Amino acid sequence: MTTQVIVLNGGSSAGKSTMVRRLKEILPDPWISFGVDDLIERLPPSMLESESGLTFGPNGEVNVGDEFMRLQDAWMRGIAAMAKAGARIILDEVFLGGGVSQERTRRYLEGLDVLWVGVRCAPEIAAEREIARGDRVIGMAVSQAEVVHEGVVYDVEVDTGRAESLECARAVMAYLSEAARAGTVRA
C-alpha cells in the first residue's frame, strides 16, 4: 500500500503552506492539499469572533466553539472520503490540542495509509514570518509553536527555521520512498 494522506502539523507561520507547495512540485503523483486555513476562509463572517465559531485572544490564542467543531467534523469526513475514493491528500493542520487533536484526526483517517509530519520552527522565526505575512493575529505563532506538538507522534520531523522548504519536502519524499520500498504501512 502507498501513502494516501500526508498530515503536516505545525504552528502558525511554521512554513507548512510553503512545504505543501514544494511537496506538490516534487512528488511523482498528483496530490490535493487542504488545510485548516481553507476551512476558516470558507466560514461565514458571523462565525469569526463568535463564541460558537472562532475567537482570538489578545496574545494570539485561538478559541474554538461548538459550531466550528461541527463544521470541522463535516470537513474532515469529506477529506477522508476523498482519500478513500483514491485522491492523495496533503493536510495542512494546526493541532491546537496536541496529541488529542492527532487522535481525532487519526479516527477520521482510519483505514488509510497516513504519513504524520511535524513541521517545527523556532518561535522567534515564526513570529518574524507572522509579522511579514500581515494576515495573522500577532502572537499566534509564538503561542502555537510548541503546544501543537505536545503528545503528537510523527513519522518525520522537519525544521523550516534550519532548512529551506524544498529541503524539508525532500526529507518527506525520501521517507515516503523508503517506506514504499520497505512495504511499511502506517495508520
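The structure this text deals with has already been given above.
Procedures and definitions
- Residues numbered from 1 in each chain as written.
- Predicted model: local features only at pLDDT ≥ 70, side-chain atom pairs only at ≥ 80, totals over all residues.
- Heavy atoms only, no water.
- Helix = DSSP H or I, 4+ residues; strand = E, 2+ residues; numbered from the N terminus.
- Rg over C-alpha atoms; globule rule 2.2 N^0.38 Å.
- Buried < 20%, exposed > 50% of the residue type's maximum accessible area, 1.4 Å probe, protein only.
- Areas by Shrake-Rupley, 256 points an atom, 1.4 Å probe, with all protein chains shown as cover.
- Lys, Arg positive; Asp, Glu negative; His and termini not counted.
- Charge placed at Lys NZ, Arg CZ, Asp CG, Glu CD.
- Pairing = 2+ DSSP bridges.
- Axes fitted to C-alpha atoms, helices over the stretch in contact; angles between N-to-C directions.
- Contact = heavy atoms within 4.5 Å.

**Considering the overall build of the protein**
Consideration 1: When its secondary structure is counted, the protein shows seven helices and seven strands.
Consideration 2: In the protein, the succession of α and β elements from N to C terminus is β-α-β-α-β-β-α-β-α-β-α-α-β-α.
Consideration 3: Here the protein has a C-alpha radius of gyration of 16 Å; the compact-globule value for 187 residues is 16 Å, and the two agree.
Consideration 4: Looking at the protein residue by residue over its 187 residues, the buried ones come to 45%.
Consideration 5: Summed over all atoms, the accessible surface of the protein reaches about 9300 Å², with 53% contributed by carbon and sulfur.
Consideration 6: Here the protein contributes 20 positive and 28 negative side-chain charges, whose respective centroids are spaced 6 Å apart.

**Observations regarding the pairing of strand E1 (residues 5-9)**
Consideration 1: Extensive coverage of E1 is indicated by the burial of five of its five residues.
Consideration 2: Relative to strand E5 (residues 89-93), E1 runs parallel, the two being bridged by five bridges. Residue Asn-9 lies in a different strand from E5, and its bridge partner there is Glu-93.

**Notes on the sheet that holds E5**
Consideration 1: Read from one edge to the other, the open sheet built from five strands follows the order E2-E5-E1-E6-E7, with strand pairing classed as parallel. Only two strands of the sheet have a single neighbouring strand rather than two, namely strand E2 (32-35) and strand E7 (156-159). The average angle at which neighbouring strand axes cross in this sheet is 20°, direction not considered.
Consideration 2: Across the sheet, helix H3 (residues 66-84) is in contact with E1, E2 and E5; its angle to E5 comes to roughly 155°.

**Considering the side chain of Gln-72**
Consideration 1: Note on placement: Gln-72 falls in helix H3.
Consideration 2: If sequence neighbours within four positions are ignored, Gln-72 has contacts with Val-36 and Leu-39.

**Notes on the pairing of strand E6 (residues 114-120)**
Consideration 1: A large share of E6 lies buried, amounting to six of its seven residues.
Consideration 2: As defined by bridge partners, E1 adjoins E6 across five bridges and the pair is classed as parallel. Bridge pairing in E6 places Leu-8 opposite Val-117.
Consideration 3: Here E6 pairs with E7 via four bridges, running parallel. Bridge pairing in E7 links Arg-120 to Asp-159.

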